[in-house]
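Chain by chain, the residues:
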Amino acid sequence: MARNHGFITDVDLRSRENNLDHRTKEIDRERLIVRRGQPFSILLQCSKSLPRGHCLEVVLHLGKKDEVIIKVLKERGAGDRWWFNQQEVQDEILLTLHSPADAIIGQYHLVVLLMSPDGRILEKTDKIGFHLLFNPWCKDDVVYLPDESLLQEYIMNEDGVIYMGVWDVIRSIPWNYGQFEDYVMDICFEVLDNSKAALKNSKMDIECRSDPIYVSRMITAMVNANDDRGVLYGRWKEPYSDGIPPHRWTGSVPILQKWKRDGIKAVKYGQCWVFAGVACTVLRCLGIPTRLITNFSSAHDVDGNLLIELELDEKYELLHRSDRGDSKWNFHCWVESWMRRNDLPKGNDGWQVLDPTPQELSDGEFCCGPCPVTSIKQGNLGVKYDARFIYAEVNADILYWLVKRDGQRQKFRVDQSDVGLNISTKSVYGNYREDLTLQYKYPEGSREEREAYEKAGRQARELTNERAESGQLQLSIKHAKPVFGTDFDVIIEVKNDGAKNATAELTMLAMAVTYNSLHQGECHRQTHSVTVPAHQTHKEVLRLRYDNYANCVSEHHLIRVKAFLVAPGENKPLMTVANIPLSRPDLLIKVPGKAVVRKQVTAYISFTNPLPVPLKGGVFTVEGAGLLNDTQIHVNGAVQPGEMVSVKFSFLPRRTGVRKLLVDFDSDKLKDVKGVATMVVHKRYYL
């Protein structure tokens, strides 16, 4: 509302009606928030009818210093201009404003002018603020997505599922995007305002904000804090003592709020799924359809040769020449956003890869994308942006070298189908996994796959795709699904398909690693000679005890077992690898009774310590979009082995609908224990 004592006495922005029409009422009901390419109406209260010959004009201001000023036309002009029409009923005037489908997004200030017949300004209102967002419901907007079920997921859903683990044992965690929580939208625009481009030339930056290609690329740069005023610092190994460990976050909102609260200061710490989660929140909030992607067995190719080269010494330990070398991650997360690519040849519209995790420089910035998923599938690597790097993440070959003491290198294995597996996202139909692998690559071995490889310039390797077999011997690893805190067995099988008995030297290594393959320490190693009769299988049992792995296992609870087999007279070892995730207990969450908005609800959380040691420093972190801000509940004293710990807490649900309550438990010996409860918050009825 804006009041005046002249001709225009009051301005009603009709925020509730407009926000409902523009699908923004979840963001705010009091402030006006609308989407481009769709009209909205405001109501002027006047002291009298509009005098004959007088007229109204509308002017829009953008930027903290009014860097961009737009005069709104009085009649429909070309489709790329703002225009308005008016309806007068006695002492009220209804102004309907029409924004173009390619309007700049951001915070606008609107001024209504009363003009005399000779063109003088007789009166003007105070500046009236409103926000304009992208509009994926508008067919002329380049982010238009013509499927309501997809829009309900990729714009409107505040609750997500992130897939992680290893390609053959996939697990998921819940994530609270919270894009409609109070003032999250304001923080999203503040993220854009603090980009290098905005600080260097704010007028040019504002004018570019009509383009989702520009905006989404800025977001990938600003979610990480590597070379700007970005939101999150990345860290991939302990200690995290001067910040929050990445695995403790359960949603984006506390991260964005902390960045803002601390005075535009980067939050410590994130890893790939945290960066991707925050980017997804910002992009959905601004109106760009976005989904979070997990690529299992993801390659990080630093030199752009589409080849991951890994070197082992004579003890079969990985040689890391530097932290910037090639690597293969168990999984890596990015996001995809939906948009037309009018800057590219036909066929590149649709889902675009955007990766906010700081990995490699792109045009001098730590950003990545947008890159059309179709260009990755077709092997078109000349396409903007960063197609070569993303193609390698899902398609690179892995070449293994054995490095002798004298520095000589020997190739001993190439894997051509171990990268880019089970590419996953949350289904629009519920909390289960949708596989997107065939969106990124043709089926292994198909003619189309070979053509895409050739187009990408991927060279045929000197070694064929060798599995763990050589002549008559084959090597494999089998394991159950072990629970963190228990002792468990891993079985290494040596199979002899030949007609003669075979003798070979078998080396078995067990080590703790992070999800991005940083070595945390060796848990177990043994080497001995094995003899396998013809047409039989020899089984070797490797027992891994909690006492052996507890001190070196990372917060990702991952054990990597490698087996190497060298037959007499052979100079190349056979190798096989298994990544074994250790599962954690589930948290039990109960929310009894009927939940009603703004009425106190009590929730109960419990879990049992599965470890043979006490847990100290226990803390539960609870949050939920529309339910409550992130809240920490500390556990008093130690939790003994086998002991159940229970806590209860109360909160006032803020918004109606189906809501998710997310819980994380952390302690000194047991970390990253997650739980989620679904609850329905009902409207409050007054008698």
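Here the structure is shown first, and the text comes after it.
Procedures and definitions
- Residues numbered from 1 in each chain as written.
- Predicted model: local features only at pLDDT ≥ 70, side-chain atom pairs only at ≥ 80, totals over all residues.
- Heavy atoms only, no water.
- Pairing = 2+ DSSP bridges.
- Helix = DSSP H or I, 4+ residues; strand = E, 2+ residues; numbered from the N terminus.
- Axes fitted to C-alpha atoms, helices over the stretch in contact; angles between N-to-C directions.
- Buried < 20%, exposed > 50% of the residue type's maximum accessible area, 1.4 Å probe, protein only.
- Salt bridge = Lys/Arg side-chain N within 4 Å of Asp/Glu carboxyl O.
- Core = buried A, V, L, I, M, F, W, Y, C linked by side-chain atoms within 4.5 Å.
- Contact = heavy atoms within 4.5 Å.
- Phe/Tyr/Trp six-rings, centres within 6.5 Å; stacked < 30°, edge-to-face > 60°.
- Lys NZ or Arg CZ within 6 Å of the ring centre and 35° of its normal.
- Disulfide = S-S within 2.5 Å.

### Describing the sheet that holds strand β29 (residues 502-513)
Step number 1: The antiparallel open sheet is built from four strands, whose spatial order is β30-β29-β32-β33. Each edge of the sheet is formed by a strand with only one pairing partner; in this case those strands are β30 (519-532) and β33 (574-581). Neighbour-to-neighbour, the strand axes of this sheet turn through a mean angle of 15°, independent of strand direction.

### Quick notes on unusual backbone geometry
Step number 1: With omega at 10°, the peptide bond leading from E238 into P239 counts as cis.
Step number 2: Looking at the secondary structure, you find P239 in the loop between β14 (232-234) and α7 (253-261).
Step number 3: Omega for the peptide link from G369 to P370 comes to 0°, which places this bond in the cis form.
Step number 4: Tracing the chain through its elements places P370 in the loop between β20 (350-354) and β21 (371-372).
Step number 5: Positioned with a positive phi, I264 is a non-glycine residue whose angle comes to about 60°.
Step number 6: Along the chain, I264 falls in the loop between α7 and β15 (267-270).
Step number 7: In this model, Y316 sits at a positive phi of 65°, which is unusual for a non-glycine residue.
Step number 8: Along the polypeptide, Y316 turns up in the loop between β17 (307-312) and β18 (318-319).
Step number 9: Given a relative accessible area of 10%, Y316 falls into the buried group.

### Here we look at the pattern of salt bridges
Step number 1: Counted according to the given criterion, the structure contains 45 salt bridges.
Step number 2: Notably, a salt bridge pairs D262 with K258, separated by 2.9 Å at the nearest N-O pair.
Step number 3: Take K258: its relative accessible area is 26%, and that puts it in the partly exposed class.
Step number 4: The salt bridge partner of R341 is D343, with a shortest N-O separation of 2.9 Å.
Step number 5: Here R341 falls in the buried class, since its relative accessible area comes to 2%.
Step number 6: What makes D343 partly exposed here is its relative accessible area of 32%.
Step number 7: Taken together, the salt bridges that share partners define one network made up of K25, E26, E158, E181, R654, R655 and R659.

### What to know about the sheet that holds strand β39 (residues 644-651)
Step number 1: Read from one edge to the other, the open sheet built from three strands follows the order β34-β36-β39, with strand pairing classed as antiparallel. A strand with exactly one partner marks an edge of an open sheet, and here the two such strands are β34 (588-590) and β39. Averaged over all adjacent pairs, the angle separating strand axes in this sheet is 15°, with direction ignored.

### Re the nonpolar core
Step number 1: With 106 residues, the main nonpolar core has I219, W273, L286 and Y440 as its most contacted residues.
Step number 2: The dominant element in this core, judged by the number of residues it contributes, is helix α8 (residues 272-286), at 12 residues.
Step number 3: The contacts of Y440, once residues within four sequence positions are left out, are I293, W334, E336, V353, V373, I376, K377, V394 and I423.
Step number 4: Core analysis: the next-biggest nonpolar cluster, separate from the first, contains 60 residues, F484, F488, V532 and L574 among them.

### Examining the pairing of β20
Step number 1: A large share of β20 lies buried, amounting to five of its five residues.
Step number 2: For strand β19 (residues 327-339) and β20, the ladder comprises five bridges, and the chain directions are antiparallel. Within β20, the position partnered with V335 by the bridge is L354.

### Focus: the packing of aromatic side chains
Step number 1: Taken as a whole and assessed by the stated rule, the structure comprises 25 aromatic pairs.
Step number 2: For the ring pair F296 and F331, a centre distance of 6.4 Å and an interplane angle of 55° mean the geometry is tilted. Of the two residues, F296 is situated in strand β16 (residues 290-300) and F331 in strand β19; the sequence distance between them amounts to 35 residues.
Step number 3: Looking at F331, the relative accessible area reads 4%, which means it is buried.
Step number 4: One aromatic cluster is present, formed by W236, W273, F275, F296, W329, F331 and Y515 through successive ring pairs.
Step number 5: Between R217 and the ring centre of Y385, over which it is positioned, the NZ or CZ distance is 4.1 Å.
Step number 6: Sitting above the plane of the W351 ring, R291 keeps its charged end 4.0 Å from the centroid.

### A look at the environment of A578
Step number 1: With respect to the element layout, A578 can be found in strand β33.
Step number 2: A relative accessible area of 9% means that A578 is categorised as buried.
Step number 3: Spatially, the C-alpha atom of A578 lies 8.8 Å from that of A563, the residues being 15 residues apart in sequence.
Step number 4: Every residue in contact with A578, bar those within four places of it in the chain, is listed here: I477, H479, I559, R560 and V561.

### Looking at the state of the cysteines
Step number 1: Taken as a whole and judged by the stated rule, the model has zero disulfides.
Step number 2: The cysteine C188 is free of any disulfide, with C285 supplying the nearest cysteine sulfur at 4.0 Å.
Step number 3: The exposure class of C188 is buried, given its relative accessible area of 0%.

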